[in-house]
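# Structure assessment
The residues making up each chain are set out below.
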Amino acid sequence: MKTRHLLLAFLVALPIAIPADGFAGLSLPHFFSDHMVLQRERPAAIWGKADPNSEVTLSFKGNTATVKADAKGRWRAAIETGKADATGAPLTVTSGTDTVTLVDVLVGEVWFASGQSNMFFTMDRVPAYAELISQSTHPDLRMFNAPLVTAVDPQDDIEGEWTLCSPETVPGYSAVAFFFARKLQLDLGIPIGIIKSAWGGKPVETFTSREALNTLPGTKQLVDRIVQADAAYDPAKAKAAYETSLDQWEAAAAEWKKKPADQRGRLAKRPTEPKRPLDTEGQPGVLFNSMIHPFAGFTMRGAIWYQGEGNAKPGAVPYDQTLPLMIGDWRQRWNDEFSFYFVQLANFRDPSTEPGNNDPWPLVQDRMRRVLDTTPKTGMAIINDVGEAKDIHPKDKQAPGERLALWALAKDYGQNLAVWSGPLFKASQTKDGAIRITFDQVGDGLKARDGGPLKRFEIAGEDKVWHWADAKIDGKDSVIVSCAGVNPPVAVRYAWAANPEGANLVNSEGLPASVFRTDDWDDVEIKVDTTAAAAAEARRALGAEIKAIAAKRAGLDRDSDEYKTLTQKQQELLKKFRETAPAKP
């Protein structure tokens, strides 16, 4: 038994990962660990592994819960947490002679933070936050940072640890999540826990289960494509092609280094080692398996989300379909209709100067806005006033974090706020050669941020030709939009550009109005030839196979039968590769 107790002492200090099969003694996933925050005023779900069919007992602040492990040793229980409590208490889990004790467990509000790079973006990347970081000693604010991992199948655990907010830990915190949590903690005066699980550059589909993706025609095509690619994946061929590419890159890099610094130009990116398609980050369902599924069921108030850049491209499945699909998928997995608040994309790229823009960026922004009307318990932080033309990662992360917090304060915590969003399109009415637009979330009334005339309103008639419009605030919640050359007017758009420089409609609290359009015309959709994309993908696969054969031939005797067979096959593939080359314009 001495060895057993030594193992348990280690478990107390750092809960071990739960194996998929087999006995591992009493254990918990990593996110049930020292310094964690439990959701207040709800039975908090706790789960793990123990001896098969054994009894497991949880104890916390005078409350207990008992459950029996199943035949594989899996168990799940829920324990009452009571009111918010900033005094750390032990949470004890016992099964037979095994005991795991988690220390310094707080009770408060728990939120899940996910998305791509702008959610992953850490505090230490903004020099202007240095002084704030040095003053950020908030032991009641805590964060669990999940690592970047992939998985073919849904996982039950993920590494990481809970840390207390301090000048030493805050530099590595998600900036958006930190400002969100900081505002809640300061306003509510109770502990706040954040679980951050985000990965830069990834589309919404990778955070959604493949089961859910298969229910939507557009996303099912993505799943079918990657499943087919995975079935055809040959690790040996992929490795051979990679090694050939790496040799070529290393040779090019050596030549590059020989050149004078002012003549080098830019070195090509080093080839990356091949990965199985269903284990590659960014592919449908992959990050759901590795970075979302482990947390499914963790008792919490809600989720915050900053993503969309990875889906702002021609031909993407409409975001007002994919985001609600993911939200519904998560809520089903959690068995909880928790609140879900997201950040609308910031302004980005060079400012546009002409109306009638068909950039996919404002299209995604507007589709985000539409999610508010179709999906219950959602909210959106509008940030088209804090972006940067040359950087997809705006340095201002305080605005999106605190604007997300406004939704939570109003909707989850009952604070009586004048507004919790920028102005949102409500309705339009055409009359006397003009279109009246009415808004929600105006507070004491609409205004221009700079006190000047309203800008970035555009209007079109039945010919669908867009013109800059005259726009004037009329009353508390309306804007009258017109143009002398457009009669009768049919449709209005506002801030319809990736970077609508000059857009200045705000409410009484200075929060910016969201992009919107009153029409449903298809002039904003950039048509994508999917057959051409499929042909290009097939040609890339053909090229990889040719490289793999070349690598294999290089190690063979030229007089061998295998060398001759490979040579013939390579020639056939080269012929096909040339025949499938796209026609020159």
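Rules used in this analysis
- Residues numbered from 1 in each chain as written.
- Predicted model: local features only at pLDDT ≥ 70, side-chain atom pairs only at ≥ 80, totals over all residues.
- Heavy atoms only, no water.
- Helix = DSSP H or I, 4+ residues; strand = E, 2+ residues; numbered from the N terminus.
- Buried < 20%, exposed > 50% of the residue type's maximum accessible area, 1.4 Å probe, protein only.
- Contact = heavy atoms within 4.5 Å.
- Areas by Shrake-Rupley, 256 points an atom, 1.4 Å probe, with all protein chains shown as cover.
- Lys, Arg positive; Asp, Glu negative; His and termini not counted.
- Charge placed at Lys NZ, Arg CZ, Asp CG, Glu CD.
- Expected span 1.5 Å × (residues − 1).
- Pairing = 2+ DSSP bridges.
- Polar contact = N/O pair within 3.5 Å; in protein donor to acceptor, adjacent residues only side chain to side chain.
- Axes fitted to C-alpha atoms, helices over the stretch in contact; angles between N-to-C directions.
- Phe/Tyr/Trp six-rings, centres within 6.5 Å; stacked < 30°, edge-to-face > 60°.
- Lys NZ or Arg CZ within 6 Å of the ring centre and 35° of its normal.

A few words on the overall build of the chain. Helices and strands together make up the secondary structure of the chain, namely 13 helices and 23 strands. The C-alpha extent of the chain, read off along each of the three principal axes, is 90 × 80 × 50 Å. Counting the 585 residues in the chain, one finds 51% classified as buried. A separation of at least 24 residues holds for 73% of the contacts in the chain among residues at least 6 apart in sequence. Surface accessibility of the chain: about 26,800 Å² in total, with carbon and sulfur atoms responsible for 50%. Charged side chains in the chain number 70 positive and 76 negative. The centres of these two groups are separated by 3 Å.

For helix α9 (residues 319-334), built from 16 residues, the straight-helix expectation of 22 Å at 1.5 Å per residue is met to within 8% by its first-to-last C-alpha distance of 22 Å. Tyr319, Thr322, Leu323, Pro324, Leu325, Met326, Ile327, Asp329, Trp330, Arg331 and Trp334 are the residues of α9 that are buried. In the stretch just after α9, Asn335 is the one whose phi turns positive, near 55°.

Before going further, it helps to spend a moment on the pairing of strand β3 (residues 55-60). Side chains Val56, Leu58 and Phe60 of β3 all project onto a buried face; the interleaved residues Glu55, Thr57 and Ser59 project onto a face where none is buried. Where β3 lies against strand β4 (residues 63-68), 6 bridges are found, and the strand directions are antiparallel. When the bridges of β4 are listed, Ser59 appears paired with Thr64. Between β3 and β4, which pair antiparallel and follow one another directly, the connecting turn spans 2 residues, one of which, Lys61, has a positive phi of 50°. Alignment of β3 against strand β6 (residues 85-95), held across 4 bridges, turns out to be antiparallel. Looking at the pairing, Phe60 lines up with Leu91 of β6.

Among the secondary structure elements, Asp230 is positioned in helix α6 (residues 217-231). By relative accessible area, Asp230 is classed as buried at 12%. At a separation of 2.8 Å, a polar atom in the side chain of Asp230 contacts the side chain of Arg276. In this view, Asp230 contacts Arg276, Pro277 and Leu278; residues no more than four positions away in its chain are not counted.

Within the open sheet, the 4 strands sit side by side as β14-β15-β20-β19. Their pairing is antiparallel. Since the sheet does not close on itself, it has two edges, and those belong to β14 (424-431) and β19 (470-473), each with one partner. Strand-to-strand, the axes of this sheet are offset by a mean angle of 25°, without reference to chain direction. Strand direction decides the pairing type here: β14 and strand β15 (residues 434-440), joined by 7 bridges, are antiparallel. Among the inter-strand pairings, Leu424 is bridged to a residue of β15, identified as Asp440.

Turning next to the environment of Ser33. In this structure, Ser33 sits in the loop between α1 (2-13) and β1 (37-39). Classification of Ser33 by relative accessible area gives buried; the value is 6%. Between the C-alpha atom of Ser33 and that of Gly160, which follows or precedes it by 127 residues, the distance is 9.5 Å.

Right, let's talk about the packing of aromatic side chains for a bit. Here the structure, examined in full by the defined rule, presents 30 aromatic pairs. Taken together, a centroid distance of 5.8 Å and an interplanar angle of 65° make the contact between Phe31 and Trp47 edge-to-face. In this pair, Phe31 is assigned in the loop between α1 and β1 and Trp47 in strand β2 (residues 44-49), connecting sequence segments 16 residues apart. By relative accessible area, Trp47 is classed as buried at 8%. The residue whose ring lies beneath Arg264 is Trp256, and the NZ or CZ to ring-centre distance is 4.8 Å. Seen from the ring of Trp496, Arg493 lies directly overhead, with NZ or CZ sitting 5.2 Å from the centre.

Note the cis peptide between Asn487 and Pro488, where omega equals 5°. With respect to the helices and strands, Pro488 occurs in the loop between β20 (478-482) and β21 (491-494). A positive phi angle is found at Asn53, which is not glycine, with a value near 65°. With respect to the helices, strands and loops of the structure, Asn53 is situated in the loop between β2 and β3. Taking relative accessible area as the criterion, Asn53 reaches 45% and is therefore assigned partly exposed. A positive phi angle is found at Asp432, which is not glycine, with a value near 55°. The topology assignment puts Asp432 in the loop between β14 and β15.

This part covers the environment of Ala581. Its location among the elements puts Ala581 in the segment after α13 (561-579). Between the C-alpha atom of Ala581 and that of Ile192, which follows or precedes it by 389 residues, the distance is 57 Å.

Right, let's get into the pairing of β19. With 4 bridges connecting them, β19 and β20 associate as antiparallel partners. Residue Lys472 lies in a different strand from β20, and its bridge partner there is Ile480. Here β19 folds back onto β20 in antiparallel fashion, the turn holding 4 residues, of which Gly475 has a positive phi close to 85°.

Take the side chain of Asn289 next. Along the polypeptide, Asn289 turns up in helix α8 (residues 286-292). A distance of 2.8 Å separates the side chain of Asn289 from the backbone oxygen of Val152, its partner in a polar contact.

None of this, on its own, says anything about what the molecule does.
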